[in-house]
Amino acid sequence: AIQDEIANALVVALRASQPDDNGQAAVKAKIDTTNMRVYEIYLKARELFIARTDLAESIRLFEQVVQMDPNFARGWEGLAAVSAVVESWGIVDRDYNGMVKPAAERALQLDPSLSMPWAALGMAEQNERDVDWAKSLELSAKAIQADPKNATAYLWRSIAWLNLGFFEKAIADQDSCLRVDPAYKNCTRWKAQSYIYLGNDSKAMALFEQGVAAGFVTNRANSFVPSLVRNGNTLAARLILKDINVSPEFSNILISELANPGASKIDARGIVAKYGAGNTKTSGVDLSVRIVYLWLGDFDAVGEHVGEGDNSNDEILAWEPAQPAWRNSPGFKRVLRKMGVLVYWRKHGFPPHCRAVGKDDFTCDQPRPLP
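This structure is a prediction, so every number in the text was calculated from the model and none was measured. (Residues numbered from 1 in each chain as written. Predicted model: local features only at pLDDT ≥ 70, side-chain atom pairs only at ≥ 80, totals over all residues. Heavy atoms only, no water.)

Participant: Even after reading the chapter, I still don't get the packing of aromatic side chains, so can you show me in this structure?
Facilitator: Ring pairs (aromatic) are described by centroid distance and by the angle formed between their planes. Under the defined criterion, the tally for this structure stands at 16 aromatic pairs. Seen in terms of ring centroids, Phe332 and Phe362 are 6.4 Å apart; in terms of plane orientation they differ by 50°. Their pairing is tilted. Linking Phe332 in helix H18 (residues 330-339) with Phe362 in strand S4 (residues 361-364), this pair joins segments that are 30 residues apart in sequence. Owing to a relative accessible area of 0%, Phe332 belongs among the buried residues under this scheme. An angle of 85° between the planes, with centres 5.5 Å apart, marks the rings of Trp345 and Phe362 as edge-to-face. Taken together, the residues Trp345 in helix H19 (residues 341-348) and Phe362 in strand S4 connect sequence positions 17 residues apart. Across the pair, Phe362 and Trp345 agree in class, each one buried. (Phe/Tyr/Trp six-rings, centres within 6.5 Å; stacked < 30°, edge-to-face > 60°. Helix = DSSP H or I, 4+ residues; strand = E, 2+ residues; numbered from the N terminus. Buried < 20%, exposed > 50% of the residue type's maximum accessible area, 1.4 Å probe, protein only.)

As structure tokens, then:
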């Protein structure tokens, strides 16, 4: 009761300090559980999820929360949310994506007004092998409608837009995420990723450095290696590869190929077999076999391995600009088809830089950089 009183006093004070209230209805904060120990554990689990640090511990704590208080709706929504992303961080000891729907549905059963369960369901859909992109976007929209200040819902919808090649829409959602929570490091990192795909290396690197300066290094750090090499900063590229546990010998090969794309006839499959690419992890980050094949210029192998192995949802690599010849190659098109992107395009429209060619083919140009 005291926490309810304090929380609502804070809401009233914060509401009074916001001049752009637009006549919104008053917010009512509630704790949802009478067990103080449960609430303390929930806050710790939520903190680990938002910071994307020690997600395995976040899962463990959320499971403890719902075991201690099965009627704590936000405990269930937290479990759904972290389960929706944990496999993409390299934690694959069980079927976490399969845990999302039961947890989200239990949360909504207890409190239909919640937003995060819809966002988690939308993200879980993106993790499926046969993604229904329209359904994922619809679920994210439900989350945002339920709570326009759910920063994570904007972030996860932006990832769907990125996969689909709608980079400006992705950045718009990332900007919304950061307006709600300017300190959300993962939103900044994904915005940096968007600028990489648009070919704006300077903006991408400035945003990437923000995260590094705050100690947020690993998430999708490999995506910035090709840009660093292109711009002559091989030292930073080597340090990132070292941080994700790539050996110096292997790093030399990767950087050499990125610096001179297509210049050699390297045996990419032999190198993958020798160095065990796909098993290189640290802090939950995986330098996947698909990324390695792309960097080494074996585009057929990229397409062959889409959807295989752990962290298989990195098919967003279709838009990686590491190798100029990758765009519109058979491997590139195979990736987008296997992702279900072409199905979405034909029903809902192509992004500005792509267009249909005949009944069954398509082509994509380099997207126009944003100012």
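That covers the picture; the talk isn't over yet.
Participant: What is the right way to look at the packing of helix H7 (residues 133-146) against H19 in this model?
Facilitator: To describe two helices that pack against each other, one gives the angle between their axes and the distance between the axes. At their nearest, the axes of H7 and H19 sit 9 Å apart, and the two run at 75° to each other. In terms of orientation, H7 lies roughly perpendicular with respect to H19. When H7 is examined against H19, the residues Trp133, Ala134 and Leu137 are found in contact with a partner set consisting of Val341, Tyr344 and His348. Residue composition of the contact of H7 with H19, grouped by class: 5 nonpolar, 1 polar and no charged. (Axes fitted to C-alpha atoms, helices over the stretch in contact; angles between N-to-C directions. Parallel < 35°, antiparallel > 145°, perpendicular 65-115°, else oblique. Contact = heavy atoms within 4.5 Å. Nonpolar A, V, L, I, M, F, W, Y, C, P; charged D, E, K, R; others polar.)

Participant: Just to check I follow, could you spell out the confidence of the model for the protein chain for this structure?
Facilitator: Detailed reading of the predicted coordinates is not advisable wherever pLDDT is low. In the predicted model, the protein chain carries a mean pLDDT of 87, and the fraction of residues at 70 or more is 90%. Here strand S1 (residues 281-282) stands out as the least confident element of the protein chain, with mean pLDDT 38; helix H9 (residues 167-180) is the most confident, with 97. Segment residues 279-285 is flagged for pLDDT under 50; beyond a separation of four residues in sequence, or across chains, it makes 25 contacts in the model. (pLDDT = per-residue confidence, 0-100.)

Participant: For this particular structure, what's the right way to read the nonpolar core?
Facilitator: As a rule of thumb, soluble globular proteins bury nonpolar side chains together. In terms of nonpolar packing, the biggest core is built from 120 residues, with Trp156, Leu287, Trp295, Trp319, Leu336 and Trp345 touching the most fellow members. No other element matches the 9 residues that helix H8 (residues 151-163) contributes to this core. Not counting the four nearest positions on each side in its chain, Leu336 is found in contact with Asn163, Ala318, Trp319, Val341, Leu342, Trp345 and Phe362. (Core = buried A, V, L, I, M, F, W, Y, C linked by side-chain atoms within 4.5 Å.)

Participant: I'm lost on helix H13 (residues 234-243) in this one. Help?
Facilitator: An α-helical segment advances 3.6 residues per turn. Residues three or four places apart therefore align on the same side. Restricting attention to buried positions, one finds in H13 the residues Ala237, Ile240 and Leu241. The buried side chains of H13 occupy one side of the element, clustering within an arc of 95° when seen end-on. Away from its buried face by more than 90 degrees, H13 exposes Leu235, Leu239 and Lys242. As for H13, its buried residues are in contact with helix H11 (201-213), helix H12 (225-230), helix H14 (248-259) and helix H16 (289-296). (Arc of directions from axis to C-beta.)

Participant: What exactly am I supposed to notice about the pattern of salt bridges here?
Facilitator: Pairing of side chains with opposite charge becomes possible as their charged atoms draw close. One pass over the structure, following the stated rule, counts 14 salt bridges. With its nearest N and O atoms 3.7 Å apart, the salt bridge here joins Glu40 to Arg37. Of this pair, Glu40 and Arg37 both sit in helix H2 (residues 36-51), 3 residues apart, which is roughly one turn of that helix. Using a relative accessible area of 44% as the deciding quantity, one classes Glu40 as partly exposed. Judged by its relative accessible area of 48%, Arg37 falls in the partly exposed class. One salt bridge connects Glu304 with Arg269, and the closest N-O pair in it is separated by 3.1 Å. Here Glu304 is found in helix H17 (residues 299-305), whereas its partner Arg269 is found in helix H15 (residues 268-275), with 35 residues between them in sequence. Classification of Glu304 by relative accessible area gives partly exposed; the value is 30%. (Salt bridge = Lys/Arg side-chain N within 4 Å of Asp/Glu carboxyl O.)

Participant: What is the right way to look at the environment of Tyr42 in this model?
Facilitator: Assignment of secondary structure puts Tyr42 in helix H2. Remark: the alpha-carbon pair of Tyr42 and Glu63, spanning 21 residues in sequence, is separated by 9.6 Å. What Tyr42 contacts, discounting residues up to four positions off in sequence, is Phe62, Val65, Phe72, Arg74 and Gly75.

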